[in-house]
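# A look at the structure
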Amino acid sequence: MEKEDLLWYDIRAMEKIRIYAREIWQIVNPLLIFFGVTAAVVSGFGILWMMFGSRLGFLYSHLEDVNLLLSSAAALWAAWILWKIDGREQVWYGELRRKLPGRAVFPCVGAAVGASMAGNCLLSLLRVTELSGTGQVETALRLGSPAVVVFSTCLAAPLAEEMVFRALIYRRLRRKTGPAASIAISALLFALYHGNLSQGLYALFVGAVLAVLMEMYGTVTAPLLAHVAANGLSVLLTWAGAGEFLSGGMVRRGAAVVIFGGLLCVSLRQAARDAGSSKN
């Protein structure tokens, strides 16, 4: 009898492990597919460039534009593939089609500006990264043509990433767990996707804010609008050289953290009010 009970216990334990593994896979596999398709497209272009680069010399003068457009196209294609897979699995969330009310524009844009500026200045204060640092992303923003930079950074990237991280991953998480855990896990995956430490920490903070907006308004349009605003602000700051001004002194950066952190709090409070009024 004891052996039968032990066997039954083992079977139930294995069944639970199988269920948990399947749920984890449902959450993680969109990120793996998104990253894999994007990496495959970029790597394929790199191979073609090595094989036929001598015949494509005219592209050397526009290499940053080519990289930005290629990355954007790969990300959008990967996001489209994920949506097709989701549709085939009959996983569709009707609330994602909700229209964003006009009163939500200020909370979304305000939260994006507050999170972007406060996050950057805070990381600079902690010496994790400098706001005026000359990384690969900033180099692409400076050297790329304005039209390509605006399209890839302010339109294509936010659209692809919101489709994956909020419309798919976050909503899948909400089917299994509560808002706090869903916000934390989706933000962590968003941070891991961005790779290095400084961008990862920034993406962790901003990703949490975007997930909160998704939770408040129940439509992916809210974090998409905020994402566009945050990336647009980064582009404008890079072009204007404002990063050098904001990174010049601890007092100045500390004041910026307080001011823009306050804007973030006010915006999220208004979003919470909007969410409460929509439920009543």
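Above: the structure in question.
The text that follows walks through the structure, step by step, so that each part is easy to find. (Residues numbered from 1 in each chain as written. Predicted model: local features only at pLDDT ≥ 70, side-chain atom pairs only at ≥ 80, totals over all residues. Heavy atoms only, no water.)

### Some details on the overall build of the protein chain
What counts here: Numbering of helices and strands starts at the N terminus; helices are DSSP runs of H or I of at least 4 residues and strands are runs of E of at least 2. Relative accessible area decides the class of each residue, using a 1.4 Å probe on protein chains only: under 20% of the type maximum gives buried, over 50% gives exposed, and in between gives partly exposed. We call two residues contacting when some pair of their heavy atoms lies within 4.5 Å. Per-residue and other accessible areas follow the Shrake-Rupley method at a 1.4 Å probe size, with only the shown protein chains counted as cover for residues.
For the protein chain, the helix and strand inventory stands at 10 helices and 0 strands. When the elements of the protein chain are put in sequence order from the N terminus, they spell out α-α-α-α-α-α-α-α-α-α. When burial is assessed residue by residue, the protein chain has 40% of its 280 residues classed as buried. Long-range pairs, those at least 24 residues apart, make up 80% of the contacts in the protein chain with a sequence separation of at least 6. Total accessible area computed for the protein chain in this model is approximately 15,400 Å², and 67% of it derives from carbon and sulfur atoms.

### A closer look at the environment of L155
Structurally, L155 is set in helix 5 (residues 146-176). What makes L155 partly exposed here is its relative accessible area of 46%. C-alpha of L155 to C-alpha of V228: the two residues are 73 residues apart in sequence and 6.5 Å apart in space.

### Comments concerning the packing of aromatic side chains
Threshold: Two aromatic rings, drawn from Phe, Tyr or Trp (for Trp, its six-membered ring), form a pair once their centres lie within 6.5 Å of each other, and the interplanar angle then sorts them: stacked below 30 degrees, edge-to-face above 60, tilted otherwise.
Across all of its chains, the model carries 4 aromatic pairs by this definition. Consider the rings of F34 and F165, whose centres lie 6.3 Å apart with planes at 90°: the pair is edge-to-face. Note that F34 is positioned in helix 1 (residues 2-52) and F165 in helix 5, a separation of 131 residues in sequence. Relative accessible area serves as the criterion here: at 0%, F34 is assigned to the buried category.

### What to know about the nonpolar core
The condition that has to hold: Remark: nonpolar core denotes a set of buried residues (Ala, Val, Leu, Ile, Met, Phe, Trp, Tyr, Cys) joined through side-chain atoms within 4.5 Å.
Counting 25 residues, the largest nonpolar core has F34, V164, F165, I169 and L189 as the members making the most contacts within it. Contributions of two or more residues to this core are made by helix 1, helix 2 (63-88), helix 5, helix 6 (179-193) and helix 7 (197-217). The dominant element in this core, judged by the number of residues it contributes, is helix 5, at 8 residues. Once residues within four sequence positions are removed from consideration, V164 is found in contact with P30, F34, A79, L82 and I169.

### Some thoughts on the environment of S72
Relative to the elements of secondary structure, S72 occurs in helix 2. With relative accessibility at 6%, the residue S72 sits in the buried group. When the C-alpha atoms of S72 and V148 are compared, they prove to be 9.9 Å apart, with 76 residues separating the residues in sequence.

### Overview of the packing of helix 5 against helix 7
Think of two packed helices as two axes; the pair is described by the angle between the axes and how far apart they sit. Applied cut-off: Lines fitted to C-alpha atoms define the axes, with helix axes restricted to the stretch in contact, and inter-axis angles between N-to-C directions lie between 0 and 180 degrees. What makes a crossing left-handed is the near helix being turned counterclockwise from the far one by less than a right angle; a clockwise turn instead makes it right-handed. Residue polarity is assigned by list, with Asp, Glu, Lys and Arg as charged and Ala, Val, Leu, Ile, Met, Phe, Trp, Tyr, Cys and Pro as nonpolar; anything else, Gly included, falls into the polar class.
At a closest axis distance of 11 Å, the pairing of helix 5 and helix 7 adopts a crossing angle of 65°. Like other packed secondary-structure pairs, helix 5 and helix 7 cross with a definite hand, here right-handed. On helix 7, the residues touching E162, R166, A167, Y170, R171 and R174 of helix 5 are G207, L210, A211, M214 and E215. Each residue belonging to the contact of helix 5 with helix 7 can be placed in one class, and the counts come to 5 nonpolar, 1 polar and 5 charged.

### Considering the side chain of S116
Quick reminder of the rule: A 3.5 Å cut-off defines polar contacts: any pair of N or O atoms within that distance qualifies, except that in protein one atom must be a possible hydrogen donor and the other a possible acceptor, and neighbouring residues in sequence count only when both atoms are side-chain atoms.
Along the chain, S116 falls in helix 3 (residues 105-125). Look at S116 and you get buried, because its relative accessible area is 0%. In terms of polar contacts, S116 uses its side chain to reach the side chain of Y202, at 3.0 Å.

### Comments concerning the pattern of salt bridges
Applied cut-off: One side-chain nitrogen of Lys or Arg within 4 Å of one carboxyl oxygen of Asp or Glu is enough to make a salt bridge.
Across all of its chains, the model carries 3 salt bridges by this definition. Among the ionic pairs, R166 bridges to E162, the shortest N-O distance being 2.7 Å. Of this pair, R166 and E162 both sit in helix 5, 4 residues apart, which is roughly one turn of that helix. In this structure, R166 and E162 share a single accessibility class: buried.

### So, the side chain of N231
Structurally, N231 is set in helix 8 (residues 221-240). What makes N231 buried here is its relative accessible area of 17%. Excluding anything up to four places from it in sequence, N231 contacts T153, C154, A157 and P158.

### Thoughts on the packing of helix 6 against helix 7
Which entries qualify depends on this criterion: Just so you know how the angles are binned, under 35 degrees is roughly parallel, over 145 roughly antiparallel, 65 to 115 roughly perpendicular, and the rest oblique.
One way to put it is that helix 6 packs onto helix 7 with a least axis distance of 8 Å and a crossing angle of 140°. By the criterion of interaxial angle, the relationship of helix 6 to helix 7 is oblique. Classified by chirality, the crossing of helix 7 by helix 6 is right-handed. Residue-level contacts link P179, I183, S186, A187, L188, F190 and A191 of helix 6 to G200, A203, L204, G207, A208, A211, V212 and E215 of helix 7. Looking at side-chain class alone, the contact of helix 6 with helix 7 contains 11 nonpolar, 3 polar and 1 charged residues.

### Brief notes about helix 5
Short version of the rule: For a helix, the expected span equals 1.5 Å multiplied by the residue count minus one. At any given residue, the bend is defined as the angle formed between two axes, one fitted to the seven residues that end at that position and one fitted to the seven that begin there.
For helix 5, spanning 31 residues, the distance from its first C-alpha to its last is 42 Å, which sits close to the expected 45 Å at 1.5 Å a residue. At E162, helix 5 shows its maximal bend, which comes to roughly 35°.

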